[in-house]
Amino acid sequence: MLSGEEILCSTRQVIAGLEALRGENHTLLDNLQEVLEGRTVAESGSVEQEKSGIIRQSLERIELGLGEAQVMMALSAHLGSLEAEKQKLRTQVRRLCQENQWLRDELAGAQQRLQDREQVVVTLEEQNRHLQFMSSIRKYDQESPPPDDKETGSTKESLDYLFPTDEEEQSQISQPHGSSAAAAAQQGGYEIPARLRTLHNLVIQYASQGRYEVAVPLCKQALEDLEKSSGHSHPDVATMLNILALVYRDQNKYKEAANLLNDALAIREKTLGIDHPAVAATLNNLAVLYGKRGKYKEAEPLCKRALDIREKVLGMDHPDVAKQLNNLALLCQNQGKYQEVEQYYERALHIYQSRLGPDDANVAKTKNNLVKDGE
């Protein structure tokens, strides 16, 4: 195929040839007219007239060809101007794209700076609220008599002992001196996956140091990565939700922690089954959360369901069952159900003595709680 420039050059050559041919035909026609005019009517021959007609037809075709060639030249010039305009527009588009990218980069930088400033503002507001709170309670500290240290220490010890979460216990048993098999045995088959164990221990360490500004983003980033790689409805996502809920609970963000635990419970029930030890662990964590908030009636059915699962899966005399009985006893004690409290403590004590021996620390603590309940 010919290029546009080649077609244009050929058209010019055709125009030049047609114009030359038109001049020659005009000359021939003029000569024939002179010959015909010099003769009389009688002498005029049909041959000259026929030649004259043929030349006129040829001139008409030549004029038509020249007209079409001129149209092609005009069309070529128009297309050339359109192409130039197109190139100009392309240049403008490229420039606008560059300017748009510059503006996007500038906007991203401005947004990042804004987020940094907002984070600083939030931190300052939180510090200000804390200082105001501390200032408001300082006068009560000065006016109130000192509390009974023995009673306060005893209550705190009972709460800390009877309300552990499964993730908190695993932070103690997953140290180097304890094997993963032992951890699984102590937790009744519920064990934090290996790929999350290091992250879990790191988060617990930061939280215990009060470095929530590190622990929370660490949990959220890990949760986002797990959801992208495995999907939201994955058991590992539920484990990460439990860990983040534990951090939120330590910050007294009970509503956020409850939402995360309920989400984790739904995932574990769907993926692992309603009678899985991990489901019991999540139910226990929810009961712990409600118990720490004083919502004992809401916590009791959760604790009972966790107890049913552990009895069914682990057996009636497993140490985890005893732990759940202790939790349930404390919930009933805070509701004034003292008869049930005694039954739960006695059963827990029997399990600990038969499975762990009379010298185990859990035996002593359960006996102490039983004595307090009798008093």
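To keep things clear, this report deals only with the structure shown in the data block. Computed from a prediction, not measured in an experiment: that's the story for all the values here.

1. A closer look at the environment of Ala264
Right, on to step 1. Within the secondary structure layout, Ala264 lies in helix H9 (residues 254-272).
Right, on to step 2. For the pair formed by Ala264 and Asn242, sequence separation is 22 residues and the distance between their alpha carbons is 6.6 Å.
Right, on to step 3. Residues within four places of Ala264 in sequence aside, it is in contact with Ala238, Leu241, Asn242 and Thr282.

2. Some words on the packing of helix H7 (residues 212-230) against helix H8 (residues 235-250)
Right, on to step 1. Remark: H7 packs on H8, axes separated minimally by 10 Å, with the N-to-C direction vectors making an angle of 160°. Comparing their axes, H8 and H7 come out roughly antiparallel. Here the hand of the crossing between H7 and H8 comes out left-handed. From H7, Tyr212, Ala215, Val216, Cys219, Lys220, Ala222, Leu223, Leu226 and Glu227 reach across to H8, where they touch Asp236, Val237, Met240, Leu241, Ile243, Leu244, Val247, Tyr248 and Asp250.
Right, on to step 2. A class-by-class count of the residues in the contact of H7 with H8 yields 14 nonpolar, no polar and four charged.

3. Details of the pattern of salt bridges
Right, on to step 1. The tally for this structure, following the rule as stated, stands at 10 salt bridges.
Right, on to step 2. Glu106 is the salt-bridge partner of Arg113, the closest N and O atoms lying 3.9 Å from each other.
Right, on to step 3. Given a relative accessible area of 44%, Arg113 falls into the partly exposed group.
Right, on to step 4. In this structure, Arg355 and Asp317 form a salt bridge, with 3.7 Å as the shortest nitrogen-oxygen distance. With Arg355 in helix H13 (residues 338-356) and Asp317 in the loop between helix H11 (296-314) and helix H12 (319-334), this residue pair connects regions lying 38 residues apart in the sequence.
Right, on to step 5. Residue Arg355 is classed as partly exposed on the basis of its relative accessible area of 42%.
Right, on to step 6. A relative accessible area of 39% means that Asp317 is categorised as partly exposed.
Right, on to step 7. Several salt bridges converge on common partners, so that one network encompasses Glu300, Lys304 and Lys337.

So, how was this worked out
- Residues numbered from 1 in each chain as written.
- Predicted model: local features only at pLDDT ≥ 70, side-chain atom pairs only at ≥ 80, totals over all residues.
- Heavy atoms only, no water.
- Helix = DSSP H or I, 4+ residues; strand = E, 2+ residues; numbered from the N terminus.
- Contact = heavy atoms within 4.5 Å.
- Axes fitted to C-alpha atoms, helices over the stretch in contact; angles between N-to-C directions.
- Parallel < 35°, antiparallel > 145°, perpendicular 65-115°, else oblique.
- Left-handed = near helix turned anticlockwise from the far one by under 90°.
- Nonpolar A, V, L, I, M, F, W, Y, C, P; charged D, E, K, R; others polar.
- Salt bridge = Lys/Arg side-chain N within 4 Å of Asp/Glu carboxyl O.
- Buried < 20%, exposed > 50% of the residue type's maximum accessible area, 1.4 Å probe, protein only.

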